[in-house]
Amino acid sequence: MSYWQEKIKIGNLEVPRFIGGPLDGITDSPFRKLVRGYSKEELLYGEMRHVACVANDRGRVKALAFEQLERPFTFQVSASKTEFIKQACEKIVASGVDCLDLNIGCPARNVVKSGAGSSLMSDLPRLKTILETFRSSLEIPFTVKIRAGYKHQNAVDVAKLIQDCGADALAIHPRLQTQMFTGSPDYNLAGLVKKAVSIPVLLSGGIVNWTTAQLAYEQSGVDGYLIGRGLWSKPWKLHELKENAAGRIFKPTDEEILGCSLAHLDSMLDYYGSHGLFAFRKHLPFYIKGGSDASAVRAILVRSVSVDEVKEGLRKFFTGENS
Ligand SMILES: Cc1cc2nc3c(=O)[nH]c(=O)nc-3n(C[C@H](O)[C@H](O)[C@H](O)COP(=O)(O)O)c2cc1C
């Protein structure tokens, strides 16, 4: 069996190397269900939620509402201190997820200001107590997503601490917080992290197709790959990568993309009610791409308040009726 066909072990889970990464506002339940139309066994991340928000939830944390078919599913949280971790873990485990991921890579200003996200990478004593609290509150697999560092690179030290505190795997997006999403992800650093620990190391950043996946492997030798923006409005991407790794080509037809976009909109309306149409606007520009009239169609549809108009616009775009 080739490297690409082998599965990786994260605690008691065995999953393919290509994984659906976390994208807040994008990888919600409707999107994950769409991905499942193509990929049945791949691990899928959800969207980050703060432990206090989960612990104090009275049924309003939408992110905890998911369907069995979305599993294997990993729920991602952020935290700045040990308070609320235990209560949040109890609720998350009770919801039936397969894995819990702590995000200490988030660069967002409001998150780091509150002491959560990537700022935790600059305070290892505080990070250690947080990691220990998670580990002792969880019997399901526990993973951590990191960056290259906060202001300075220290991913190798952080990775060792994560392993020592009993995590089952870690994912690295090898850019500093100060880089946000700019510059190239440092795959060599991911390779150094891989060499420093024995738990599985997953790599996030810049993997959008088979060529970039192979490059990431060659330069880092990691165990698994989180597909982030490459998955955005391309629910077939994990399947495409799996097919490519087996030497086959996969390219969805326009008809198939149209079917996906319509199913996506319907699923968002089901899940979010009428707000689903507004939430779908984040996906529209990614579906309506290419062709001379794409920008004009996009401009109309992202402002539309009519489900029928958006559906009709999508149909016309993909069947070429606009041109
Ligand atoms: C819109 C958006 C939302 C994101 N939300 C999350 C999140 O909730 N949790 C997380 O760990 N990373 C989040 N990320 C970071 C991605 O998971 C990933 O690490 C980063 O985008 C690099 O990978 P990519 O090049 O495959 O997108 C987000 C990124 C984007 C662009």
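Data block above holds the structure.
We now turn to the structure provided with this report. Just so you know, these numbers come straight off a predicted model, no measurement behind them.

Quick look at the site of the ligand
Neighbouring residues of the ligand: 14 residues in total, closest Pro-22, Asp-24, Gln-76, Ser-204 and Gly-206. Take His-173: an N or O atom from its side chain is 3.5 Å from an oxygen atom of the ligand. Burial of the ligand by the protein chains amounts to 86% of its free accessible area of 610 Å². When its residues are assigned to classes, the shell around the ligand shows four nonpolar, seven polar and three charged.

Notes on helix 8 (residues 210–220)
Burial in helix 8 covers these residues: Trp-210, Ala-213, Ala-216 and Ser-220. Taken around the axis of helix 8, the buried residues stretch over an arc of 125 degrees, which confines them to a single face. In helix 8, the exposed residues that point more than 90 degrees away from the buried face are Thr-211 and Glu-218. The N-cap of helix 8, judged by a side-chain oxygen 3.2 Å from the amide nitrogen of Thr-211 a few residues on, is Asn-209.

Observations concerning the packing of aromatic side chains
Here the structure, examined in full by the defined rule, presents 16 aromatic pairs. Taking 6.1 Å as the distance between ring centres and 75 degrees as the angle between the ring planes, the aromatic pair formed by Tyr-38 and Phe-250 counts as edge-to-face. Of this pair, Tyr-38 sits in the loop between helix 1 (29–36) and strand 4 (44–45) while Phe-250 sits in the loop between helix 9 (237–245) and helix 10 (254–272), and the two are 212 residues apart along the sequence. This pair shows no difference in class: Tyr-38 is buried, exactly as Phe-250 is. Consider the rings of Trp-232 and Phe-286, whose centres lie 4.4 Å apart with planes at 15 degrees: the pair is stacked. Remark: Phe-286 occurs in helix 12 (residues 284–287) and Trp-232 occurs in the loop between strand 11 (224–227) and helix 9; sequence separation between them is 54 residues. Overall, Phe-286 belongs to the partly exposed group, its relative accessible area being 27%. Linked through ring pairs, Tyr-3, Trp-4, Phe-18, Trp-210, Tyr-217 and Tyr-225 together constitute an aromatic cluster. Directly above the aromatic system of Tyr-150 lies the positively charged group of Lys-151, at a separation of 4.6 Å from the ring centroid.

Description of the pairing of strand 7 (residues 99–104)
Along strand 7, six of the six residues are buried, which leaves the element largely enclosed by surrounding structure. Burial along strand 7 is two-sided: Cys-99, Asp-101 and Asn-103 facing one way and Leu-100, Leu-102 and Ile-104 facing the other are all buried. Inspection of the sheet shows strand 6 (residues 73–78) paired to strand 7 by four bridges, in the parallel sense. Opposite Val-77, over in strand 7, you have Leu-102 as the bridge partner. This β-α-β element, strand 6 to helix 3 (residues 85–94) to strand 7, shows right-handed connectivity. Relative to strand 8 (residues 142–149), strand 7 runs parallel, the two sharing five bridges. Bridge pairing in strand 8 places Asp-101 opposite Thr-143.

Quick look at the pairing of strand 2 (residues 13–16)
Pairing geometry for strand 1 (residues 7–10) and strand 2, over four bridges, is antiparallel. Bridge assignment links Lys-7 to a residue of strand 2, and that residue is Pro-16. The loop that links strand 1 with its antiparallel partner strand 2 comprises two residues; one of these, Gly-11, has a positive phi angle of about 60 degrees.

Section: the packing of helix 5 (residues 124–137) against helix 6 (residues 155–164)
In a pair of packed helices, the angle between the axes and the distance between the axes together describe the arrangement. Orientation of helix 5 relative to helix 6, taken along the N-to-C sense of each, is 30 degrees, at an axis distance of 10 Å. Taken together, helix 5 and helix 6 sit at an angle that is classed as roughly parallel. Helix 6 is crossed by helix 5, and the crossing has right-handed handedness. Here Leu-124, Leu-127, Lys-128 and Leu-131 of helix 5 lie close against helix 6, whose contacting residues are Asp-157, Val-158, Leu-161 and Ile-162.

Scoring rules and cut-offs
Residues numbered from 1 in each chain as written. Predicted model: local features only at pLDDT ≥ 70, side-chain atom pairs only at ≥ 80, totals over all residues. Heavy atoms only, no water. Near = heavy atom within 4 Å. Polar contact = N/O pair within 3.5 Å; in protein donor to acceptor, adjacent residues only side chain to side chain. Areas by Shrake-Rupley, 256 points an atom, 1.4 Å probe, with all protein chains shown as cover. Nonpolar A, V, L, I, M, F, W, Y, C, P; charged D, E, K, R; others polar. Buried < 20%, exposed > 50% of the residue type's maximum accessible area, 1.4 Å probe, protein only. Helix = DSSP H or I, 4+ residues; strand = E, 2+ residues; numbered from the N terminus. Arc of directions from axis to C-beta. Phe/Tyr/Trp six-rings, centres within 6.5 Å; stacked < 30°, edge-to-face > 60°. Lys NZ or Arg CZ within 6 Å of the ring centre and 35° of its normal. Pairing = 2+ DSSP bridges. Right-handed = clockwise from strand over helix to strand, strands pointing away. Axes fitted to C-alpha atoms, helices over the stretch in contact; angles between N-to-C directions. Parallel < 35°, antiparallel > 145°, perpendicular 65-115°, else oblique. Left-handed = near helix turned anticlockwise from the far one by under 90°. Contact = heavy atoms within 4.5 Å.

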